[in-house]
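Remarks on the overall topology
Read off the chains here:
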Amino acid sequence: QVRLVESGGGSVQAGGSLTLSCVATGTFFTIYRMGWYRQAPGKPREFVASIITGGFANYADSVKGRFTISRDRAKNTVYVQMNSLEPEDTAVYYCTAGAKSDLNSGGTDYWGQGTQVTVSS
């Protein structure tokens, strides 16, 4: 089992920056992927960014060049640095992780409770 706890959300004016953090705790063999999704009011949850073992990162087109995802494997923590924020970035941001309980098990996806990011114009 993996528990994910996000932090760092808040309110900021357009053009500002925020950094979200997500710490994974629990019992697992490996976490092979961590990332972020977001959900704005009345809209479906959408992919934001992810990072896998080895450091390869992937981004949604809407955040490329503005958001940077990083991971501290020793701390089981993933970050997303969000710059040049726009009102359209307003959403609840969810941390996600793909983990395995042992070498031969399949992967399981876990989700955090979410943290609110509000960008005002």
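Everything that follows concerns the structure shown earlier in this document.
Residues numbered from 1 in each chain as written. Predicted model: local features only at pLDDT ≥ 70, side-chain atom pairs only at ≥ 80, totals over all residues. Heavy atoms only, no water.

**Topic: the sheet that holds strand β8 (residues 77-82)**
With antiparallel pairing, four strands are arranged side by side in an open sheet as β1-β3-β8-β7. Edge positions in the open sheet fall to β1 (2-7) and β7 (67-72), since each of these has one partner strand only. The average undirected angle you get between the axes of adjacent strands in this sheet is 15 degrees. Judged from the six bridges that link them, β1 and strand β3 (residues 18-26) form a sheet pairing that is antiparallel. Residue pairing in the sheet places Val2 in a bridge with Gly26 of β3. (Pairing = 2+ DSSP bridges. Helix = DSSP H or I, 4+ residues; strand = E, 2+ residues; numbered from the N terminus. Axes fitted to C-alpha atoms, helices over the stretch in contact; angles between N-to-C directions.)

**Observations concerning the nonpolar core**
Among the nonpolar cores identified, the biggest contains 31 residues, and Leu4, Met34, Trp36, Phe67, Val78, Met82 and Tyr93 are the most heavily contacted of them. For this core, the secondary structure elements donating two or more residues are β1, β3, β4 (30-39), β5 (46-52), β7, β8, β9 (91-100) and β11 (115-120). Counting residues per element, this core draws most heavily on β9, at five residues. (Core = buried A, V, L, I, M, F, W, Y, C linked by side-chain atoms within 4.5 Å. Buried < 20%, exposed > 50% of the residue type's maximum accessible area, 1.4 Å probe, protein only.)

**Things to note about the pairing of β3**
Taken together, the six bridges between β3 and β8 define a ladder with antiparallel strand orientation. The residue of β8 that forms the bridge with Val23 is Thr77.

By themselves, these are just geometric observations and shouldn't be taken as functional.
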